[in-house]
Amino acid sequence: GSCFKALFWSLFLLLLVMTIWAVIAVEFINSKVQDLAAAGYWEGCDRCRRSFSSTFDANLTFFQTVVAGDSWGTIAVPVIEAHPE
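The rules behind these values
Residues numbered from 1 in each chain as written. Predicted model: local features only at pLDDT ≥ 70, side-chain atom pairs only at ≥ 80, totals over all residues. Heavy atoms only, no water. Core = buried A, V, L, I, M, F, W, Y, C linked by side-chain atoms within 4.5 Å. Buried < 20%, exposed > 50% of the residue type's maximum accessible area, 1.4 Å probe, protein only. Helix = DSSP H or I, 4+ residues; strand = E, 2+ residues; numbered from the N terminus. Contact = heavy atoms within 4.5 Å. Phe/Tyr/Trp six-rings, centres within 6.5 Å; stacked < 30°, edge-to-face > 60°. Axes fitted to C-alpha atoms, helices over the stretch in contact; angles between N-to-C directions. Parallel < 35°, antiparallel > 145°, perpendicular 65-115°, else oblique. Nonpolar A, V, L, I, M, F, W, Y, C, P; charged D, E, K, R; others polar. Disulfide = S-S within 2.5 Å. Expected span 1.5 Å × (residues − 1). Patch = residues over 30% accessible without salt bridge, like charges linked within 9 Å, V, L, I, M, F, W, Y side chains within 5 Å. Areas by Shrake-Rupley, 256 points an atom, 1.4 Å probe, with all protein chains shown as cover. Salt bridge = Lys/Arg side-chain N within 4 Å of Asp/Glu carboxyl O. Arc of directions from axis to C-beta. Left-handed = near helix turned anticlockwise from the far one by under 90°.

Let us now look at the nonpolar core. Of all hydrophobic cores here, the largest spans 14 residues; its most connected members are Val33, Trp42, Phe52, Ala58, Phe62 and Val79. Put simply, the parts of the chain that give this core at least two residues each are helix H1 (2-28), helix H2 (30-38), helix H4 (55-67) and helix H5 (72-82). Residues within four places of Val79 in sequence aside, it is in contact with Ile29, Val33, Leu36 and Trp42.

Spelled out as structure tokens, the structure:
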């Protein structure tokens, strides 16, 4: 009983924190991603252009990279290299 309660609240907290960061990412990172996509980065990646275009997409990107550990460098490294500030 209490194990499931702890699991539920930890999952809820994880989703809440990721959603807050997703909102921030849409506001601050999306324009930089769109500029890089227009410049020709991510030619073969259809999802990369829209990775931070909405809160849902940003949340999915964070879940994919942080929780699943899947291809963090595909999106993050070009953004960090182009906009190190």
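Quick look at the packing of aromatic side chains now. The tally for this structure, following the rule as stated, stands at five aromatic pairs. Feature note: the residues Phe8, Trp9 and Phe12 constitute an aromatic cluster, connected by ring pairs.

Turning to the packing of H1 against H2, a few remarks are in order. Where H1 meets H2, the closest approach of the two axes is 4 Å, and the angle between their N-to-C directions is 50°. The orientation of H1 with respect to H2, classified from their angle, is oblique. From H1, Ala25, Val26 and Phe28 reach across to H2, where they touch Asn30, Ser31 and Lys32. Split by residue class, the contact of H1 with H2 holds three nonpolar, two polar and one charged.

Another aspect to go through is the state of the cysteines. Inspection of the entire model under this criterion finds one disulfide. With its sulfur 2.1 Å from that of its partner, Cys45 forms a disulfide with Cys48. Here Cys45 and Cys48 share a disulfide; its torsion about the S-S bond, 85°, makes the bridge right-handed.

Here we take up H1. End to end, H1 covers 39 Å across 27 residues, agreeing with the expected 39 Å (1.5 Å per residue, within 8%). If you check which residues of H1 are buried, you get Met18, Ala22, Ala25 and Val26. The secondary structure elements touched by the buried residues of H1 are H2 and H4.

Taken together, the side chains of Phe8, Trp9, Phe12, Leu13, Leu16, Val17, Ile20, Trp21, Ile24 and Phe28 make up a nonpolar region of the molecular surface, amounting to roughly 1,100 Å² of accessible area. As for its placement among the helices and strands, Leu13 is situated in helix H1.

This brings us to H5. Of all the residues in H5, the buried ones are Ile75, Ala76, Pro78 and Val79. Angular distribution of buried residues about the axis of H5 spans 165°; they occupy a single face of the element. In H5, the exposed positions that point more than 90 degrees away from the buried face belong to Ile80 and Glu81. Buried residues in H5 make contact with H2, helix H3 (46-49) and H4.

Once that is clear, we can look at the packing of H1 against H4. The interhelical angle for the contact between H1 and H4, taken along N-to-C directions, is 120°, at an axis separation of 8 Å. It follows from the interaxial angle that H1 and H4 lie oblique. Between H1 and H4 the crossing geometry is right-handed. Counting all contacts with H1, which are made through Leu14, Met18, Thr19, Trp21, Ala22, Val23, Ala25 and Val26, the residues of H4 involved are Thr55, Ala58, Asn59, Phe62, Phe63 and Val67. A class-by-class count of the residues in the contact of H1 with H4 yields 11 nonpolar, three polar and no charged.

Fair warning: the whole summary comes from geometry, so function is off the table for now.
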